[in-house]
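Architecture and fold: a report
Chain by chain, the residues run as shown.
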Amino acid sequence: MKILDWILLLTGVVLSSLGGIFLKLGAVQVDHSAGLAPAIGQALLQWRLYMGAFCYFIPVVIWIYMLKRVDITFLQPLFALVYITTPLLA
């Protein structure tokens with residue numbers, strides 16, 4: 001793998017971790033006790049949920065690009081670093 005591949009991989013791992021964190025931060029702001037419709041309305045106003053979705057989307061693009069360049073048996077375990085970086089960043 002080239003240096004650009006490593007940078008993309010690490011960027012994808014960090015963004016995936018941040019995506020989970022942002023989704024959690026946004027989800028705790030939504031009050032589900034009033035019912036589904038008000039909860040959806042509140043969720044649509046949570047910028048953290050949008051950031052979380054964006055941070056999850058970019059790694060998908062990186063993943064597709066990386067699958068063309070690197071064998072999945074090498075790539076998949078490296079993307080599992082998300083399970084280490086998420087608790088560290090949270």
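Just above, that's the structure.
Here's what I pulled together on the structure shown here. Here the residue numbers are simple positions, counted from 1 along each chain's written sequence. Side-chain atom pairs in this predicted model are given and counted only at pLDDT of 80 or more, local residue features only at pLDDT of at least 70, and totals for whole chains, interfaces and linings cover all residues. Based on all heavy atoms of the structure, the side-chain values leave hydrogens and waters out of the count.

Re the side chain of serine 17
- Counting from the N terminus, the helices are the DSSP runs of H or I reaching at least four residues and the strands are the DSSP runs of E reaching at least two. Of note, serine 17 is situated in helix H1 (residues 3-27).
- Under the scheme applied here, a residue whose accessible area is under 20% of the maximum for its type counts as buried, over 50% as exposed, and between as partly exposed, the area being computed with a 1.4 Å probe on protein chains only. Judged by relative accessible area, which is 0%, serine 17 ranks as buried.
- Looking at serine 17, its side chain comes within polar contact range of the side chain of threonine 85, at 2.4 Å.
- Contact definition: two residues touch when any of their heavy atoms are within 4.5 Å. With residues near it in sequence (within four places) discarded, serine 17 still touches Val82, Thr85, Thr86 and Leu89. Whenever a nitrogen or oxygen atom comes within 3.5 Å of another N or O atom, the pair is scored as a polar contact, on the condition that within protein one atom can donate a hydrogen and the other can accept it, and that pairs from neighbouring residues in sequence are kept only if both atoms are in side chains.

Description of H1
- Residue count minus one, scaled by 1.5 Å, sets the expected span of a helix. Relative to the 36 Å expected for 25 residues at 1.5 Å per residue, H1 spans 36 Å between its end C-alpha atoms, a close match to the ideal helical length.
- Looking at H1, one finds that the buried residues are Asp5, Leu9, Gly12, Val13, Leu15, Ser16, Ser17, Gly19, Ile21, Phe22 and Gly26.

Some thoughts on a nonpolar patch on the surface
- Two joining distances apply to patches: 9 Å for like charges and 5 Å for nonpolar side chains (Val, Leu, Ile, Met, Phe, Trp, Tyr), and every residue must have over 30% relative accessible area and no salt bridge. Surface accessibility in these figures is a Shrake-Rupley result with a 1.4 Å probe; residues are shielded only by whichever protein chains are displayed. Any carboxyl oxygen of Asp or Glu within 4 Å of a side-chain nitrogen of Lys or Arg constitutes a salt bridge here. Together, Met1, Ile3, Leu4, Trp6, Ile7, Tyr65 and Phe74 make up an exposed nonpolar region whose accessible area comes to about 680 Å².
- No other element matches H1, which puts four residues into the nonpolar patch.

Function cannot be read off these values alone, since they describe shape.
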